[in-house]
Structures are given as structure tokens and as C-alpha cells.
Amino acid sequence: MNLDPDSIKRDFPRMRGIYLNNASSAPVPFIAIKAVTDFLISYDEYGPDSSASASMLDELLSRARKEVARLINCKEDEIIFTQSTTHAINIVANSLKIGKGDAIVIRDGEHEHPANHYAWLRLRDVRGVTVRTLNIKDEDGRIDVEEVEKIVNSEGIRLVALSHVLFNTGIILPVEEVSKVLKDSDRRIHLFVDAAQSVGCMDVDVKRLGCSFIAFPSSKWLCAPPGLGILYCSRDAWDDIEPLYVGGESAFIHDGLCYREMPYMMQAGFRGYALLAGLLASLQYINSIGIAKIRNWDMHLAGIIREELQQQYDKLKLYGPDDPRLRSSIVSFNFNDDDSDTMVRRLVGDLEREGIIVAEREVLKKKIVRVSPHFFNSEDDIARFLATLKRLLVLTS
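Residues numbered from 1 in each chain as written. Predicted model: local features only at pLDDT ≥ 70, side-chain atom pairs only at ≥ 80, totals over all residues. Heavy atoms only, no water.

A. Layout of the environment of F252. Residue placement: F252 occurs in strand β9 (residues 251-253). Once the C-alpha coordinates of F252 and G101 are considered, the two residues, 151 residues apart in sequence, prove to be 33 Å apart. (Helix = DSSP H or I, 4+ residues; strand = E, 2+ residues; numbered from the N terminus.)

Spelled out as C-alpha cells, the structure:
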């Protein structure tokens, strides 16, 4: 698979255990940590409020936008830097020119991340926007594209909001198919995609996805410092949004208030330059390895885990499709037991005490264990996790 995780491990600070919770937040490589400290040193050496430091900031913004654009296949002026995925989602929700008489389509909140649910629900309460909800077909979280088609053919639909990969089961939703449905309709309907669980661990091409907006964080699969988000805003959607914030970087006075060109119009108040230096370094690092290699290795490790769970534990319920083309490297499971929630909670705690970090999440109000390996994890990490899991399950049975 042309990827050496043992060598890659040396690019990161030494971990005290086995980290398998990258769908939540990933470790940061030395090169990105150094980029943050180097930026701060240079910033102080130039003088924080000097023409030299201002030029440095402009260059950093330009280089970071260029690297993001390369990663997701878009134009540099379509990239807006935010504080997080949640922040980016709220920017779109509150900047979109919609109101009473308009409608949006979202997934059921019991099988969606709160960040990609609450912001859209708020539009119903504060602007009178109608919120239509897609039915969830099964516990994995699948949706019916035909249902989307029926809904968008009704009056007033302005936007459909989906996750690219579900944070709990790891299933890949049919975003491209939904995009085609929207484009084939006779209405101007935007597609928003929460890509928090896809960018950095699989190929994400915004042109192929056909979305108007896409949001993702620095701190998950991109292995960059926490505290930044990225918002892609297609040029085709610029006329349908207006600034949520305004400041000296985004506007000026000329016979009244005038906005600067995109993306600056939407980025008033951004100050996360040190983190941006780290993000740039992480992006260059990820791109140097190659998303295809990362995807192959992550799925290889996830396949080992799934195969072991399927073969050895008949009392476990495994989520997500068997077809690897339809899922990410997230592996989620719980127990075919009335006391499954308690068992999940205890197992996650016991694993952490053994030095193995996984996550406790929910699927339709049922607790699950979520395991999410990444490219720095080795086959030995997975073998140790599975051996520890087996021992703990024997002790609790």
C-alpha cells in the first residue's frame, strides 16, 4: 500500500497509548506544531503591527487558500476561514437570503450531528423558514434519493443540507445523486455538505459533489491544530448570501457601506493566523502523502477491525455497510443486549484505562463504540486494540 505507518509515527509527538478517535480530533504532526511557533516568533520579530507582518499575514492567507483549493478542487476565492465546522454551518445558515415562504430540507436530528441540525432548525424559529425532514431508512442512516426528489419538487425549497459521511456509523451519503436531483429541477436550490468526516481521509472534490457550500474542520482528519474551520462557498452561490459580520477587513465606506470582494466580504474579524500557519503545514504534509494512500490504509485498518468483530463476536452489532465503497474508516458497534448502553459506556472507559482511546457516540439514541483509525496507526496498533477488546469482553461476559 506504499505507506509506512511506523515512519509516519515519528512525524508526531510520541503517544502514550493507542489513539483511535480521529473522527473526533486527531493528533498534530511536529511540522505543524513548529509552523505555529515559527509564525509567532517571526510575527514578533517583524513587530505585530508593522507593514512587514501585514505582508506576512497576506501571504499566509493566500498560501493556505491555495493549498485548501488544491485539496478540494476549487478556486482560491471560494475559501473562507472560520473557527470550526459549527461556525461555518452557522455562517451559511444565517447569511443565506431566505425567510418566510422559503423552505429547507435536512435529515432527521436523531441520526445527524447537532452542528448540522440545530443551525437549520433555528431558521424556523427566527425567520419563519419551513424545515422539511428526510426520513431515515435504517439504523445506518441511509436516505432515499427518491424522497429528496419528491420534496424538492414542492414549492419554496431553497437548500438541502446533508452530511457527506455520518459521524456515528461512517456511511457515505449519496451527495452526488442528490446534487444531480437538485440540478435537474427547474429551481435554484443550494446543496450544503458537512464534510467534517470526509476531508482528509478520502477524496473530496467539490465540483464532482456539485455542492454550493461545504464545511470541515482543521482538527479531525487533516491533523491540524484545533480552532479553525474551512467553508467553501461556490461562486454560483455568492449572490444568495450576505455578510453575517462586518469589519474593516470586509467592508469600507464609499457613499455608504460597501463590501469588499469575496472571500474577504465574509471573513470579518478573523485572527487565527498562528493556527492557520499550522493548518498550512498540515495540509502540505497530508498532500505530500496523498489522500488516495491515506484512504487505502485507513480502510485497510478498518477492514481488519470489522472482519474480526464479524467473525469473533456474535453478540456484537456492527453498523455500516459491508461494501467499503459506501463507508469511511469509522467502525461502530454495540451489543445485542438489553443493557447495551451500560456495556458500551463501561467498555470505552475500560479501554481508555488500558491506554486505548475510542469514542462513545449514539445511533438513534443507542450508545455505540466508535473506532476511527488514521494513517499513523499501524497494524500492530489494531492487533493490540483487538486483543485488549477480547480480554475485556471475556472479563465482562
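B. Up close: unusual backbone geometry. A cis amide bond links M262 with the next residue in sequence, P263, at an omega value of 5 degrees. Counting through the fold element by element, P263 comes out in the loop between β10 (257-259) and α9 (273-289). The backbone of D255 shows a phi angle near 55 degrees, a positive value even though the residue is not glycine. Locating D255 in the fold gives a position in the loop between β9 and β10. The residue K365 is not glycine, and still its phi comes out positive at about 70 degrees. Counting through the fold element by element, K365 comes out in the loop between β14 (359-363) and β15 (366-371). The exposure class of K365 is exposed, given its relative accessible area of 59%. (Buried < 20%, exposed > 50% of the residue type's maximum accessible area, 1.4 Å probe, protein only.)

C. Focus on the packing of aromatic side chains. The full count for this structure, using the stated rule, is ten aromatic pairs. Residues F12 and F376 carry aromatic rings whose centres are separated by 5.2 Å and whose planes lie at 45 degrees to one another, so their mutual orientation is tilted. Of this pair, F12 sits in the loop between α1 (5-9) and β1 (18-19) while F376 sits in the loop between β15 and α12 (379-396), and the two are 364 residues apart along the sequence. There is no split in this pair, since F12 and F376 are both buried. Both rings, one in F270 and one in Y273, keep their centres 5.4 Å apart while their planes meet at 85 degrees; by these two values the pair is edge-to-face. Exposure class is identical for F270 and Y273. Each is buried. Put simply, the rings of F12, Y285, F375 and F376 touch in pairs and so form one group of aromatic residues. The ring of Y264 carries the charged tip of R260 above its face, separated from the ring centre by 4.4 Å. Across the ring face of Y319, the terminal group of K317 is positioned such that the distance to the ring centre comes to 5.1 Å. (Phe/Tyr/Trp six-rings, centres within 6.5 Å; stacked < 30°, edge-to-face > 60°. Lys NZ or Arg CZ within 6 Å of the ring centre and 35° of its normal.)

D. Representation of the pairing of strand β7 (residues 213-217) in the model. The buried fraction of β7 amounts to five of the five residues, a majority that puts the element mostly inside the structure. Of the two faces of β7, both are covered, the one formed by F213, A215 and P217 as well as the one formed by I214 and F216. Bridge analysis of strand β6 (residues 190-194) against β7 gives three bridges, and the strand direction is parallel. Its bridge partner lying in β7, V193 is registered against I214. One ladder, built from five bridges, connects β7 with strand β8 (residues 229-233); its direction is antiparallel. Within β8, the position partnered with F213 by the bridge is C233. (Pairing = 2+ DSSP bridges.)

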